[in-house]
Amino acid sequence: MLPVMKTPENIFLIGPMGVGKSTIGRQLASMLHKEFRDTDHEIESRTGVDIPTIFDIEGEEGFRKREATVLDELTTDTNLVLATGGGIVMREENRKALRRGFVVYLAANIDTLVERTRRDKNRPLLQNTDKRKKLEELMELRDPIYREEADIIVETDGRSAKAVAKEIIDQLQAA
Ligand code: S3P
């Protein structure tokens, strides 16, 4: 008989913009028969507008409040793979909420992030600015926190979503 695969109830994906949290999360959820959710999509569906519009009207602070509310709710849900916005780890209340589940840091080097966000129009923090410089600044601040909060760290450079999802599953079972 095949061994029953035991995985944590909820898996939370953290990491920078452009690392592929949504694509990898969807893949992982389907492989583990879990529901896929995404904090940014949840905020968009609740407000009925996109993230840039929220930043325009309410500023980053307004967005962060909505993000914290959504995270608090989703992290108490069950059988979930949750992709989170890249800035979520900056608030202590969010870090606490993330500890309700198994946290995976999806890591990538700056070149990969620049490439993956090159044509992006949907991330307010990367508009009208030098994307590489901004991503470097954010990573300098956030990378140590992603590492601190992660139960496991998985490198994504040059790998398909499927390969990354498989590695997450292997590491989950080893953890
Ligand atoms: C942000 C990342 C975005 C989104 C918002 C702010 C950030 O999510 O939440 O634009 O601060 O890094 P993704 O990481 O899914 O791009």
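First, a word on scope: everything that follows refers to the structure included in this document. Keep in mind that what you see is a predicted model, and the values were worked out from it rather than measured. (Residues numbered from 1 in each chain as written. Predicted model: local features only at pLDDT ≥ 70, side-chain atom pairs only at ≥ 80, totals over all residues. Heavy atoms only, no water.)

### Brief notes about the site of the ligand
Right, so step 1: In the vicinity of the ligand there are 14 residues, among which K21, D40, R64, R123 and R142 approach most closely.
Right, so step 2: Interatomic distance of 2.7 Å between a side-chain N/O atom of D40 and an oxygen atom of the ligand.
Right, so step 3: Within the complex, 94% of the 380 Å² of free accessible area of the ligand lies under protein.
Right, so step 4: Of the residues assigned to the shell around the ligand, the class counts are five nonpolar, three polar and six charged. (Near = heavy atom within 4 Å. Polar contact = N/O pair within 3.5 Å; in protein donor to acceptor, adjacent residues only side chain to side chain. Areas by Shrake-Rupley, 256 points an atom, 1.4 Å probe, with all protein chains shown as cover. Nonpolar A, V, L, I, M, F, W, Y, C, P; charged D, E, K, R; others polar.)

### Describing the sheet that holds strand 1 (residues 10–14)
Right, so step 1: Reading across the sheet, the five strands line up as 2-3-1-4-5 and stay open at both edges, with parallel pairing between neighbours. Bordering the open sheet on either side are strand 2 (35–38) and strand 5 (152–155), each of which pairs with just one other strand. The mean angle between the axes of side-by-side strands here comes to 25 degrees, regardless of whether they run parallel or antiparallel.
Right, so step 2: Pairing of strand 2 with strand 3 (residues 80–83), which is carried by four bridges, proceeds in the parallel orientation. Considered in strand 3, the bridge of F36 is made with V81.
Right, so step 3: Relative to strand 4 (residues 102–107), helix 6 (residues 131–149) is tilted by about 145 degrees, and along the sheet it contacts strand 1, strand 4 and strand 5.
Right, so step 4: Here helix 7 (residues 161–174) sits on the sheet in contact with strand 1, strand 4 and strand 5, set at roughly 155 degrees to strand 5. (Pairing = 2+ DSSP bridges. Helix = DSSP H or I, 4+ residues; strand = E, 2+ residues; numbered from the N terminus. Axes fitted to C-alpha atoms, helices over the stretch in contact; angles between N-to-C directions. Contact = heavy atoms within 4.5 Å.)

### Description of unusual backbone geometry
Right, so step 1: Positive phi values are uncommon outside glycine, yet H33 reaches one of about 55 degrees.
Right, so step 2: Of note, the phi angle at N128 is positive, near 50 degrees, even though the residue is not glycine.
Right, so step 3: Following the sequence through the fold, N128 ends up in the loop between helix 5 (110–116) and helix 6.
Right, so step 4: Look at N128 and you get exposed, because its relative accessible area is 84%. (Buried < 20%, exposed > 50% of the residue type's maximum accessible area, 1.4 Å probe, protein only.)

### A few points about helix 1 (residues 21–32)
Right, so step 1: Taking 1.5 Å per residue as the helical rise, helix 1 with its twelve residues ought to reach 16 Å, and the 16 Å between its terminal C-alpha atoms agrees with that figure.
Right, so step 2: Within helix 1, burial applies to K21, I24, G25, L28, A29 and L32. Each buried residue of helix 1 sits inside an arc of 135 degrees when the element is viewed along its axis, so together they form one side. Exposed side of helix 1, more than 90 degrees from the buried face: T23 and S30 are the residues found there.
Right, so step 3: Residues of helix 1 that are buried sit in contact with strand 1, strand 2, strand 3, strand 4 and helix 7.
Right, so step 4: In the segment just after helix 1, H33 is the residue with positive phi, at about 55 degrees. (Expected span 1.5 Å × (residues − 1). Arc of directions from axis to C-beta.)

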